[in-house]
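As a plain string of letters, each chain reads:
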Amino acid sequence: MSRSAHTAAQSTKDRLIHAASDLFRRRSYAGVGIAEILNAAGAPKGSLYHHFPNGKADLALATADWASDGMLKLMAVSFDGAATVDDGITTLCHKLAKLFDKGGAWDSCPVESALSDGPDNIVFRERLGHLYEGWIAEVALYSEQLGDDPDTARARSERFFMLLQGAWTLARARQSSDVLRHLPEIARAPL
């Protein structure tokens, strides 16, 4: 399916979310205007407020949720059939590196680009914390299923996501996915 046919098949709401996610990732929440989002989505102005009553702020929350759902799916695929936590983390990092190489939504943390660079408001901070806690809890759950006790699983997961956020930033600065590919060996260091 061509990109224009794919775009036409998406709902207006989805087009707005995808366009905003891409623009926020490249230029941050503050660096993108509503007119740019509408133009990129091929959507009339009224549609933004129809789907997102509080405008750009609601759209940023929706883009973060959409990106987080994508990350959770990527985690599930990465840990499916993994023999160890390290295997699952390695697969996840390699999948993220491949996505980074393709460009687009995954060459930086798409949740952070929508919410961290947005207005300093409690709703954004709370949503960012909630989504990241969901990622940490997900890897901790896989870690427990693969034999770690709950405390070790939580500590391993928190450490991994602290490292992952830094790796995304460094990979973007260096324009190299190798940072993400080397992350598993750093994450394996003793707790």
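Description of the structure in this document.

Cut-offs used in this document
Residues numbered from 1 in each chain as written. Predicted model: local features only at pLDDT ≥ 70, side-chain atom pairs only at ≥ 80, totals over all residues. Heavy atoms only, no water. Core = buried A, V, L, I, M, F, W, Y, C linked by side-chain atoms within 4.5 Å. Buried < 20%, exposed > 50% of the residue type's maximum accessible area, 1.4 Å probe, protein only. Helix = DSSP H or I, 4+ residues; strand = E, 2+ residues; numbered from the N terminus. Contact = heavy atoms within 4.5 Å. Arc of directions from axis to C-beta. Phe/Tyr/Trp six-rings, centres within 6.5 Å; stacked < 30°, edge-to-face > 60°.

Bringing the nonpolar core into the picture now. Counting 53 residues, the largest nonpolar core has Val111 and Leu115 as the members making the most contacts within it. When contributions to this core are tallied by element, the ones reaching two or more residues are helix 2 (12–27), helix 3 (34–41), helix 5 (56–79), helix 6 (85–102), helix 7 (110–115), helix 8 (122–145), helix 9 (150–174) and helix 10 (178–187). Per-element accounting of this core gives the leading share, 10 residues, to helix 5. Ignoring any residue separated from it by four or fewer positions in sequence, one finds Leu115 in contact with Ala60, Leu61, Ala64, Phe124, Arg127, Leu128 and Leu131.

The next thing to look at is the environment of Gly147. Mapped onto the elements, Gly147 comes out in the loop between helix 8 and helix 9. Owing to a relative accessible area of 62%, Gly147 belongs among the exposed residues under this scheme. Along the chain, Gly147 and Thr84 lie 63 residues apart, while their C-alpha atoms are 8.2 Å from each other.

The subject of this paragraph is helix 3. What helix 3 keeps buried is the set Ile37, Leu38 and Ala41. End-on view of helix 3: buried residues confined to an arc of 95 degrees, all on one side of the axis. Exposed side chains of helix 3 directed beyond 90 degrees from the buried face belong to Ala35 and Asn39. Contacts from the buried residues of helix 3 go to helix 2, helix 4 (45–51) and helix 5. Just past helix 3, the residue Gly42 takes up positive phi, approximately 65 degrees.

According to the stated counting rule, one finds seven aromatic pairs in the structure shown. Consider the rings of Tyr132 and Trp135, whose centres lie 5.2 Å apart with planes at 55 degrees: the pair is tilted. Within this pair, Tyr132 and its partner Trp135 are both found in helix 8, separated by three residues, close to a single helical turn. The pair Tyr132 / Trp135 is uniform in exposure class, with both members buried. With 6.4 Å between their ring centres and 55 degrees between their planes, Trp135 and Trp168 make a pair best called tilted. Of this pair, Trp135 sits in helix 8 while Trp168 is found in helix 9, placing the two residues 33 residues apart along the sequence. A single burial state applies to Trp135 and to Trp168, both of which are buried. Site record: aromatic cluster; members linked through ring pairs are Tyr132, Trp135, Phe160, Phe161 and Trp168.

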